[in-house]
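# Architecture and fold: a report
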Protein chains: 8
Amino acid sequence: MANPVVGIIMGSKSDLDVMREAAKTLDEFGVANEVRVLSAHRTPAETTDYLKTAVARGLKIIIAGAGGSAHLAGVAAAHSYLPVLSIPIKRDGHDHEALFSNIMMPPGVPLAVMPENGGKNTGLLAVAILALSDKALAKKYQSYRQAQTDAVKEADRKLQAEGWQNSQL
Amino acid sequence: MANPVVGIIMGSKSDLDVMREAAKTLDEFGVANEVRVLSAHRTPAETTDYLKTAVARGLKIIIAGAGGSAHLAGVAAAHSYLPVLSIPIKRDGHDHEALFSNIMMPPGVPLAVMPENGGKNTGLLAVAILALSDKALAKKYQSYRQAQTDAVKEADRKLQAEGWQNSQL
Amino acid sequence: MANPVVGIIMGSKSDLDVMREAAKTLDEFGVANEVRVLSAHRTPAETTDYLKTAVARGLKIIIAGAGGSAHLAGVAAAHSYLPVLSIPIKRDGHDHEALFSNIMMPPGVPLAVMPENGGKNTGLLAVAILALSDKALAKKYQSYRQAQTDAVKEADRKLQAEGWQNSQL
Amino acid sequence: MANPVVGIIMGSKSDLDVMREAAKTLDEFGVANEVRVLSAHRTPAETTDYLKTAVARGLKIIIAGAGGSAHLAGVAAAHSYLPVLSIPIKRDGHDHEALFSNIMMPPGVPLAVMPENGGKNTGLLAVAILALSDKALAKKYQSYRQAQTDAVKEADRKLQAEGWQNSQL
Amino acid sequence: MANPVVGIIMGSKSDLDVMREAAKTLDEFGVANEVRVLSAHRTPAETTDYLKTAVARGLKIIIAGAGGSAHLAGVAAAHSYLPVLSIPIKRDGHDHEALFSNIMMPPGVPLAVMPENGGKNTGLLAVAILALSDKALAKKYQSYRQAQTDAVKEADRKLQAEGWQNSQL
Amino acid sequence: MANPVVGIIMGSKSDLDVMREAAKTLDEFGVANEVRVLSAHRTPAETTDYLKTAVARGLKIIIAGAGGSAHLAGVAAAHSYLPVLSIPIKRDGHDHEALFSNIMMPPGVPLAVMPENGGKNTGLLAVAILALSDKALAKKYQSYRQAQTDAVKEADRKLQAEGWQNSQL
Amino acid sequence: MANPVVGIIMGSKSDLDVMREAAKTLDEFGVANEVRVLSAHRTPAETTDYLKTAVARGLKIIIAGAGGSAHLAGVAAAHSYLPVLSIPIKRDGHDHEALFSNIMMPPGVPLAVMPENGGKNTGLLAVAILALSDKALAKKYQSYRQAQTDAVKEADRKLQAEGWQNSQL
Amino acid sequence: MANPVVGIIMGSKSDLDVMREAAKTLDEFGVANEVRVLSAHRTPAETTDYLKTAVARGLKIIIAGAGGSAHLAGVAAAHSYLPVLSIPIKRDGHDHEALFSNIMMPPGVPLAVMPENGGKNTGLLAVAILALSDKALAKKYQSYRQAQTDAVKEADRKLQAEGWQNSQL
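Residues numbered from 1 in each chain as written. Chains lettered and ligands numbered in written order. Predicted model: local features only at pLDDT ≥ 70, side-chain atom pairs only at ≥ 80, totals over all residues. Heavy atoms only, no water.

### Points about the overall build of chain A
Note the cut-off: Each helix corresponds to a stretch of at least 4 residues labelled H or I by DSSP, and each strand to a stretch of at least 2 residues labelled E; elements are numbered beginning at the N terminus. Think of it in three bands: with a 1.4 Å probe and only protein chains considered, a residue is buried below 20% of the maximum accessible area for its type, exposed above 50%, and partly exposed in between.
A count of helices and strands for chain A gives six helices and five strands. In chain A, the succession of α and β elements from N to C terminus is β-α-β-α-β-α-β-α-β-α-α. Taking the principal axes of the C-alpha coordinates as reference, chain A spans close to 60 × 40 × 30 Å. Counting the 169 residues in chain A, one finds 66% classified as buried.

Encoded structure:
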């Protein structure tokens, strides 16, 4: 199997369903990735080690997801010079705690914030970044986006054909 | 000078005016303290070192302040088993980003959150904690609280005497 | 049975499930505690009595939980010089009313605010405070924290072994 | 001077400018009132005494104002069976902490919440309540409300006369 | 049957469950009341008529409840000089629209805002207001409040007896 | 079938249930309309074409609905000079993202924002606009509004007849 | 002078600066309008009269602006079948009270909400509505929108020419 | 001059001060960039053209900034397959409208959101992305980050030397 180029880390295994979407999306594009449970608060040493050795192990992008007062992506941005993409995990009954814990990083330590629970878009942004220096991947990504356009057009065509009165969700 | 028992750390020197209130309050009670600039994002190694050696150096309480997506207190809570008191720094035009970055810590890693920009109350809570095993300090703290009660009573008395029509703010 | 050193009070018995977590956590560490229903608004006299006699009865820490416009912890902070830890109770469909009712205490009356519904972390902070003058307790607390670290490491190890594709939540 | 029938209390003298509006409004209607600084957190004993003796001293309505995590009106509602009108004080840079600290009282302890910093409307509501059993006051209040209607009509008439192009704020 | 002294109005019959609590509470105290569906937006003429004739028909207090952009209580406050108590109706999935639609009335038109969906407390405040000139009612209200205090004390006693480990919600 | 005069567009077919209400309402008034799935982000070219040819095809009003960071109505307002009515779609667990994505359009590009998920009112506003130059439609709209008034009056009458104690929701 | 076709009403003259922008914009397009101070809460009778006679006097659109718990536009929507455009007035230190007071109208009573303090866009939407049956106005509106496009293009061209380093705001 | 590889676009020239920070940061690293005023709402055709030709002209990253209901970055993400970094512009007195207009993009159209007004961090993230395939740039970026670490260490050292009592902000 190929060496992972994207490291997907989460603060708690309970976030796996969101993070899995990122991994699945990368898999669809053939982008090698690894998925790890690393907690900023409970395994800080392991997290730091992971980040400090990321470049040497061939990683190019870090995707980090955590909920509540979510510090994992910030820790990743502090310990690594790779692009870090944060997925704020918003659990039932929660407010924007995780989003706010990520969106206001201090000047000098960049962190890209993706949609709350947005595993898929985060995987896609990683693809778009890696595609900058990988023409085959760029082509796949264009096809993916085009297929998506086609799907919306098909949904529209079908709605016209059925009539909105009869169309099911 | 006495060995510091309270470590006051801030993510950026721009937060000094808030954090100084905590130090001043501790000084008033004769509680030895030290004030440091340690950034979770910009000097993570120094921050970790500081926290890991805290107990050995005699610290008993950590007071941590930071603004925006504020991870410093969480990092302190992760790397130290001492009680950590967080001061969310709320700057002009900011929302509750710092509060939300601190108030929802994951189960297992406790962090006490104090008022936004509340340097004074944070110093006082440290005093109340240390007073649990220091009778002289407990007595001083009771006098302080009583003096405060007296001040409100005096303000009330004065307002009655002057009449609310004439009283100045 | 040992004399309680932590008093856990709640504004309404309906908050018992949250507050029980604090008691359970203290029990795990062998910290004697008592759990009481005392309402700032419905039994203010009993609440005041409880707080005024707290030191004499041997209490060292007050944990107070209430929901909505939650005044119980503030009343505790007003009537006692002990460290008071507030648990804002956030019920279904509620906003941050309880958090806001606790986080902005006036200068001079310190109150530590813990996570919404965060009984466990509040129990742990009480342990961390008591551990400052109790070496055996400090050791237990370190083991607890270490066990937690180990659990996250184990979750990570297991996820690697199973693969994220197959791992169940 | 007449015996006060409305007690106006505030948690800190810094709230005087808002609370003064309530007193001024009551004065305009000849409703005897008293203005006191009583803090739920700093002078709880004095506050309780004040409330417990309110009926005996002839008070009929309590107006209570406080900012931040504002517990004064809730304390008043707990210790008195009189109607309590709360003025949430919203200071510069604050959010709705005081409003939220008052609006969600538990079932059984009623508290009427007035506009943030709304001293004038609170005075007026007290007048409307007292007018229920005071015909002369009811008549004055009707005239006041009518005068207000006339003032808006006059503002409208003047705007028409000047033209909106030329009218100054 | 006695002439109603409290008029309970709601913008839509779908709010009946909340408003019923106010009527039930008044019934418990023997305070005659009437419950009407009157919409500020759909039956404005009927609403205005109701309010303009309120005094003549013997009403002393208006309780108005509505959800969303809730104007009913404001309309009541505009057309009547009686005390108006507003119940903001907060439906599932709604934010504080109704509360915000009521809490910031312009200076000169007072409106008392009660808890979101707080039918019971609103009934109780009406009782407290009417009790100012009705000693028998005042006595009943004091008994009610005392019974409530007793209930909390009993809940506390029972919790001590059972132990928090075994007590059911 | 008549030529559509109202174009109803949605960013995703998953919004059909909300948008259908607008179409149904227009149908009730005999206002010809068409319903399309057009995504600002996934089929931008088709969306632009649709908007640019709207006038030529006889459309007079555009109703646009989308959720999350909802740009469809803004795109409609950018590419068309017709009145555009936006329906912010608020999905379960979402905050006001869609409302905020529509309510602050830059000066010069007007966009009317309707209630979150408010398909019916949006259809009605379209009717009210078209009624400005269609007397028959104006008459129908007046009857509709009157019927609505009658329905509230009937609900009130029925509640009086049944008594609030017995009335079912 | 032409008969007004747009009625601009505001709840308080203090809102004139915002509402003036709407009138100015209509004047630029030669759309006759009138500007009135009419308060939902202080001159409800005059407001109702104004709305009930609006059609007879030739009005086609109502623009209503008010701040705080802003009911004026809702009252306009209740008493008139014309399209009503609401401008929520957001004053310094206020939150979205006015927006929330307008955005959640009940089904059956449509109200279009424009940007907070958005006088200009509201005037433009009125123009776009009136242009549906006035070709000359439609042409003017298209030119206006085109001029605006040209202005942005010119700003871009100038920025390129000057360089962003030297360009002044 | 080198061909631009980063395109910086803003919806209005009034956002230049924020966007300039991104350009300045890229300049510091020798990354060729261009700065354009392109409005999603006022020059949609020009904006689309710019985005569609971006790859052909050699651009690798788009940085888009806009305020209020900010659609520019979403339009960029719709029309381009390059990584798009959004800067939500938060103006005085605004809430998180721009952030919410960007953070909840639909699945399939990725958009990275940077801090409100965070020109500098956005420039740095672009550098980090470009550094993935440019070793010299990676080295510069590491030095930059290291210099920043050194600056915080120096601030800390200086604070210790001066003492917090004397240190100026």
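Here the narrative resumes, following the displayed structure.
### Overview of the side chain of Glu116 of chain H
Spelled out, the test is: Positive charge is attributed to Lys and Arg, negative charge to Asp and Glu, and no charge count is given to His or to the chain ends. Every case where a carboxyl oxygen of Asp or Glu lies within 4 Å of a side-chain nitrogen of Lys or Arg is listed as a salt bridge. Between N or O atoms, a polar contact is any pair within 3.5 Å; within protein, one atom must be a potential hydrogen donor and the other a potential acceptor, and residues adjacent in sequence are included only when both atoms are from side chains. Residue contacts are counted whenever heavy atoms from the two residues lie within 4.5 Å of one another.
On the secondary structure map, Glu116 of chain H appears in the loop between strand S5 (112-113) and helix H5 (119-130). Of the side chains with opposite charge, Lys90 of chain H lies nearest to the buried Glu116 of chain H, which makes no salt bridge, at 5.3 Å. Polar side-chain contacts of Glu116 of chain H include one of 2.7 Å to the side chain of His96 of chain H. In this view, Glu116 of chain H contacts Met104 of chain A, Glu97 of chain B together with Pro88, Lys90, His96 and Leu99 of chain H; residues no more than four positions away in its chain are not counted.

### Things to note about the relation of the copies chain D and chain E
Condition: When the copies are superposed, the least-squares fit takes in the C-alpha atoms of residues with a pLDDT of at least 70 in both.
Superposing chain D onto chain E takes a rotation of 180 degrees combined with a translation of 0.0 Å along the rotation axis, leaving an RMSD of 0.0 Å. Expressed as a symmetry operation, the mapping of one chain copy onto the other fits a two-fold axis. An overlap of 100% is found between the interface residues of chain D and their copies at the interface of chain E, pointing to a shared contact surface.

### A short note on unusual backbone geometry
A positive phi angle is found at Asn117 of chain F, which is not glycine, with a value near 60 degrees. Relative to the helices and strands, Asn117 of chain F resides in the loop between strand S5 (112-113) and helix H5 (119-130).

### Observations regarding the relation of the copies chain E and chain C
Of the transformation superimposing chain E on chain C, the axial component is 0.0 Å and the angular component is 90 degrees, with the fit at an RMSD of 0.0 Å. The two molecules are tied by a four-fold rotation axis, judged by turn and shift. Of the C-alpha atoms belonging to chain E, the one lying closest to the rotation axis is found on Gly93 of chain E, 5.7 Å away.

### Here we look at the side chain of His41 of chain B
Residues and elements named next belong to chain B. Structurally, the position occupied by His41 is in the loop between strand S2 (33-37) and helix H2 (44-52). Its relative accessible area of 7% is what places His41 among the buried residues. Engagement of the side chain of His41 in a polar contact is seen with the side chain of His71, the distance being 2.9 Å.

### Overview of the pairing of strand S4 (residues 84-89) of chain H
All names here are of chain H. To be explicit about the condition: The rule for pairing is simple: two strands pair if DSSP sees at least two bridges between them. The handedness of a crossover follows from its direction of travel: if, with the strands pointing away from the viewer, the path from the first strand over the helix to the second runs clockwise, the crossover is right-handed.
Among the six residues of S4, six are classified as buried, and the element is accordingly described as predominantly covered. Every second residue of S4 is oriented toward a common face, with Val84, Ser86 and Pro88 on one face and Leu85, Ile87 and Ile89 on the other, all of them buried. Summarising the sheet, strand S3 (residues 61-67) and S4 pair through six bridges and their orientation is parallel. Bridged to Ile62 within S4 is Val84. With respect to chirality, the unit in which S3 leads through helix H3 (residues 72-79) into the neighbouring parallel S4 is right-handed. One ladder, built from two bridges, connects S4 with S5; its direction is parallel. Across the sheet, residue Leu85 finds its bridge partner in S5, namely Ala112. Taking the sense of rotation as the criterion, the β-α-β connection linking S4, helix H4 (residues 97-103) and S5 turns out right-handed.

### Quick notes on the packing of helix H1 (residues 16-28) of chain E against helix H5 (residues 119-130) of chain E
Residue and element names in this part refer to chain E. We apply this condition: Lines fitted to C-alpha atoms define the axes here, with helix axes fitted over just the stretch in contact, and angles between the N-to-C directions of these axes take values from 0 to 180 degrees. Handedness of a crossing is defined here by the sense of rotation of the near helix relative to the far one, left-handed for an anticlockwise turn of less than a right angle and right-handed for a clockwise turn. Three residue categories are used. Nonpolar comprises Ala, Val, Leu, Ile, Met, Phe, Trp, Tyr, Cys and Pro, charged comprises Asp, Glu, Lys and Arg, and polar comprises the others, including Gly.
Closest axis-to-axis distance for the H1/H5 pair is 7 Å, and the angle between their directions is 35 degrees. In the packing of H1 onto H5, the handedness of the crossing is right-handed. Across the interface between the two elements, Val18, Glu21, Ala22, Thr25 and Leu26 of H1 pack against Gly119, Lys120, Gly123, Leu124, Ala126 and Val127 of H5. A class-by-class count of the residues in the contact of H1 with H5 yields six nonpolar, three polar and two charged.

### Focus on the interface of chain D and chain E
Put simply, the rule is: A 1.4 Å probe defines the accessible area here, and the buried area is the portion of it lost by two parts on being joined, summed over both.
Counting from both sides, the interface comprises 39 residues of chain D and, opposite them, 39 residues of chain E. Taken together, the two surfaces of chain D and chain E that pack against each other cover about 3,200 Å², and 66% of this comes from carbon and sulfur. Connecting chain D to chain E are zero salt bridges. Counting across the interface, chain D meets chain E through eleven residue pairs in polar contact (both at pLDDT 80 or more). Where the side of chain D that touches chain E is concerned, the elements lending two or more residues are helix H3 (72-79), helix H4 (97-103), strand S5 (112-113), helix H5 (119-130) and helix H6 (135-162) of chain D. The element contributing the most residues to the side of chain D that touches chain E is H5 of chain D, with six residues.

### A short note on H5 of chain H
All names here are of chain H. Here is the rule we go by: Given the number of residues in a helix, its expected span is that number minus one, multiplied by 1.5 Å.
A rise of 1.5 Å per residue sets the reference length of H5, with its twelve residues, at 16 Å; its end C-alpha atoms lie 17 Å apart and thus fit the reference within 8%. Burial runs high along H5: eleven of the twelve residues are buried. For H5, every residue scored as buried is listed here: Gly119, Asn121, Thr122, Gly123, Leu124, Leu125, Ala126, Val127, Ala128, Ile129 and Leu130.

### What to know about the interface of chain E and chain C
Tallying the contact residues gives 17 residues for chain E and 20 residues for chain C. Here chain E and chain C share an interface that buries about 1,600 Å² over both sides, 56% of which is from carbon and sulfur atoms. Together, Val152, Trp164 and Leu169 of chain E form the three largest contributors to the area buried by chain E at its contact with chain C, with a combined 40%. Inspection of the region where chain E meets chain C yields two salt bridges. When the shortest N-O distance is used, the salt bridge between Asp156 of chain E and Arg36 of chain C registers 2.6 Å. Taken together, the connections running from chain E to chain C amount to eleven residue pairs in polar contact (both at pLDDT 80 or more). When the residues that make up the side of chain E that touches chain C are grouped by side-chain class, the tally is five nonpolar, seven polar and five charged.

### A look at helix H1 (residues 16-28) of chain C
Given a rise of 1.5 Å per residue, 13 residues ought to cover 18 Å, and the 18 Å separating the end C-alpha atoms of H1 of chain C matches this to within 8%. Within the sequence span of H1 of chain C, burial applies to Leu16, Val18, Met19, Arg20, Ala22, Ala23, Thr25 and Leu26 of chain C. Contacts made by the buried residues of H1 of chain C are with strand S1 (6-10), strand S2 (33-37), strand S3 (61-67), strand S4 (84-89) and helix H5 (119-130) of chain C together with helix H6 (135-162) of chain E. At the C-terminal side of H1 of chain C, Gly30 of chain C shows a positive phi close to 70 degrees.

### A few points about the arrangement of the chains
As for chain G relative to chain A, no contact occurs, and the smallest C-alpha gap between them is 18 Å. Separated without contact, chain E and chain H have their nearest C-alpha atoms at a distance of 16 Å.

### Quick word on the pattern of salt bridges
Residues and elements named next belong to chain F. Under the counting rule described, the total for this entry stands at 56 salt bridges over all chains. One salt bridge connects Arg91 with Asp15, and the closest N-O pair in it is separated by 2.9 Å. Placement of Arg91 in the loop between strand S4 (84-89) and helix H4 (97-103) and of Asp15 in the loop between strand S1 (6-10) and helix H1 (16-28) is noted, with a sequence separation of 76 residues between them. On the accessibility criterion, Arg91 (31% relative accessible area) is partly exposed. Linking Lys24 and Glu21 is a salt bridge whose minimum nitrogen-to-oxygen distance equals 3.5 Å. With Lys24 and Glu21 both in helix H1 and three residues apart, this pair spans about one turn of that helix. Glu21 sits in the partly exposed class, given a relative accessible area of 31%.

### Describing the environment of Ile89 of chain D
Residues and elements named next belong to chain D. Relative to the helices and strands, Ile89 is located in strand S4 (residues 84-89). What makes Ile89 buried here is its relative accessible area of 5%. The spatial distance from the C-alpha of Ile89 to the C-alpha of Gly118 is 8.3 Å, given a sequence separation of 29 residues. Discounting residues that sit within four places of it in the chain, Ile89 has contacts with Asp15, Val18, Met19, Gly65, Ala66, Gly67, Gly68, Ala98 and Asn117.

### A look at the packing of aromatic side chains
Aromatic ring pairs are described here by two measures, namely the spacing of the ring centres and the angle between the planes. The following threshold applies: Pairs were defined over the aromatic rings of Phe, Tyr and Trp, the Trp ring being its six-membered one, requiring ring centres within 6.5 Å. Orientation was assigned from the angle between planes: stacked under 30 degrees, edge-to-face over 60, tilted for the rest. Only lysine NZ and arginine CZ atoms are considered, and such an atom sits over a ring when it is within 6 Å of the ring centre and within 35 degrees of the ring normal.
Inspection of the entire model under this criterion finds 28 aromatic pairs over all chains. Taken together, the ring pairs connect Phe29, Tyr141 and Tyr144 of chain A together with Tyr81 of chain H into an aromatic cluster. In this structure, Arg57 of chain E packs its charged tip against the face of Tyr50 of chain E, placed 4.6 Å from the ring centre.

### Let's talk about the domain arrangement of chain A
Residues and elements named next belong to chain A. Basically, it comes down to this: Residue ranges assigned to the domains are those given by an automatic or database domain assignment.
Domains assigned within chain A are domain 1 (6-133) and domain 2 (136-169). A straight line from the C-alpha centre of domain 1 to that of domain 2 covers 29 Å. Each partner contributes to the interface: domain 1 provides ten residues, whereas domain 2 provides five residues. Between domain 1 and domain 2, the buried area comes to about 710 Å², and carbon and sulfur atoms account for 76% of it. By the criterion of area lost to domain 2, the three top residues of domain 1 are Phe29, Leu124 and Ala131, representing 61% of everything that side buries. Across the domain 1-domain 2 interface, the total number found is zero salt bridges. Counting the contacts that link domain 1 with domain 2 gives one residue pair in polar contact (both at pLDDT 80 or more).

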